[in-house]
Amino acid sequence: MFITFEGPEGCGKSTHSTRLKSYLEGKGERVLLTREPGGTQVGKALRDLLLDRTSVLDDTTEIYLFAADRSEHVSKIILPALKEGKTVISDRFIDSTIAYQIGGRRLPEDLVRYLNMVSSKGTLPDLTILLDVSPEIGLKRATRNRQADRFEQEVVDFHRRVRARYLAIAAAEPERVKVIETDDKDIDQVQSLIREIVDAKR
Ligand code: TMP
């Protein structure tokens, strides 16, 4: 099974994907937890470039770097692990590109969808957990203990467009994408909803 976590800045993806991994391993499953960008050796260098607030990247260059990261990730990490029968959990995948590059950056929809298709080799998650959070709360959470990265430092309207695009994806694909509102919930409440959703899918 291929599960992805998605959401705006500070939505809690990293915490919840790590906890879900432990939960599934507790049930005897073999689980690979990975992320985008940065799930491969080349991807780590791309991640540094993409998140460094001093990088000045054209929006088209930016999406090519995400596509390069994903090509490596899908062919070297995700597909081999799925073939070995592992459950793969990825912190971000194709929906991030739709939300950030179409919603946030306003790149042409056909370009983004084409690059997503090529870079993912047509791989679609079986289940996507969208952790929704308002930009006001999420950005505060994300930058509590460190400086904002290149995306986090974008204006709040950028983050509103990203969030709206995520919610539009979920509305269009309700079978695959399950939304959990996190503004009004603590970590344990959100995690137990995630476990219910994952258990129901299996
Ligand atoms: P994160 O892993 O800490 O969430 O940081 C990754 C950042 O990269 C986040 O701001 C979202 C952004 N991103 C895109 O803009 N497009 C993409 O396709 C992916 C995977 C991430």
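Provided above is the structure to which this section pertains.
## A closer look at helix H8 (residues 187-201)
Next, step 1: Here H8 contains 15 residues, and its C-alpha end-to-end distance of 21 Å stays within 8% of the 21 Å for a straight helix at 1.5 Å per residue.
Next, step 2: Residues Val-190, Gln-191, Ile-194, Ile-197 and Val-198 constitute the buried set of H8. Take H8 and look down its axis: the buried residues cluster within an arc of 125°, on one side only. Exposed residues lying more than 90 degrees from the buried face of H8 are Asp-188, Glu-196 and Ala-200.
Next, step 3: Buried residues in H8 make contact with strand E1 (2-6), helix H1 (13-26), strand E4 (127-132) and strand E5 (177-181).
Next, step 4: If you check the start of H8, you find a side-chain oxygen 3.2 Å away from the backbone N of Asp-188, and it comes from Asp-186.

## Notes on the environment of Lys-86
Next, step 1: Looking at where Lys-86 falls in the secondary structure, it is placed in the loop between helix H3 (59-83) and strand E3 (87-91).
Next, step 2: Sequence separation of Lys-86 and Ala-45 is 41 residues, and the distance between their C-alpha atoms is 26 Å.
Next, step 3: Discounting residues that sit within four places of it in the chain, Lys-86 has contacts with Met-1, Arg-30, Leu-32 and Ala-81.
Next, step 4: A polar atom in the side chain of Lys-86 sits 3.1 Å from the side chain of Glu-84.

## Here we look at the site of the ligand
Next, step 1: Lining the immediate environment of the ligand, one finds 14 residues, of which Glu-9, Arg-92, Thr-97, Tyr-100 and Gln-101 sit closest.
Next, step 2: Here Lys-13 contributes a side-chain N or O atom positioned 3.3 Å from an oxygen atom of the ligand.
Next, step 3: Thr-97 places a polar side-chain atom, nitrogen or oxygen, 2.7 Å from an oxygen atom of the ligand.
Next, step 4: When the ligand is considered free in solution it has 480 Å² of accessible area, and contact with the protein chains removes 94% of it.
Next, step 5: In this structure the site holding the ligand corresponds to the largest pocket.
Next, step 6: Where the shell around the ligand is concerned, the elements lending two or more residues are helix H2 (41-51), H3 and helix H4 (94-104).
Next, step 7: Looking at which element gives the most residues to the shell around the ligand, the answer is H4, with four residues.
Next, step 8: For the shell around the ligand, the per-class residue count stands at five nonpolar, three polar and six charged.

Calculation notes
Numbering of residues starts from 1 in every chain and runs along the sequence as written. pLDDT decides what is reported in this predicted model: residues at 70 or higher carry local features, side-chain atom pairs at 80 or more are listed and counted, and totals for whole chains, interfaces and linings draw on all residues regardless. Computation of side-chain values covers all heavy atoms of the structure but excludes hydrogens and water. Strands are runs of DSSP state E lasting at least two residues, helices are runs of H or I lasting at least four, and both sets are numbered from the N terminus onward. How far a helix is expected to stretch is found by multiplying one less than its residue total by 1.5 Å. The cut-offs for exposure are 20% and 50% of the maximum accessible area for each residue type, with area from a 1.4 Å probe on protein chains only; residues under the lower value are buried, those over the upper are exposed, and the others partly exposed. It is the directions from the helix axis to the C-beta atoms that the arc portrays. Whether two residues are in contact is decided by their heavy atoms, any of which lying within 4.5 Å being enough. Contacts described as polar in this section are N or O atom pairs within 3.5 Å, which, within protein, must combine one atom able to donate a hydrogen with one able to accept it, while residues neighboring in sequence count only if both atoms come from side chains. Residues are classed as near a molecule or strand on a simple rule: at least one heavy atom within 4 Å of it. All accessibility values rest on the Shrake-Rupley procedure with a 1.4 Å probe; residue burial counts only the protein chains present in the view. Detection works on a 1 Å grid of protein atoms alone, calling trapped sets that fit a 1.4 Å probe cavities and calling open sets with protein on both sides within 12 Å along at least five of seven lines pockets, with lining residues defined by an atom within 4 Å of a point. Think of it this way: a molecule belongs to a cavity or pocket when more than half its atoms come within 2 Å of the grid points there. Think of it as three bins: nonpolar holds Ala, Val, Leu, Ile, Met, Phe, Trp, Tyr, Cys and Pro, charged holds Asp, Glu, Lys and Arg, and polar takes everything else, Gly as well.

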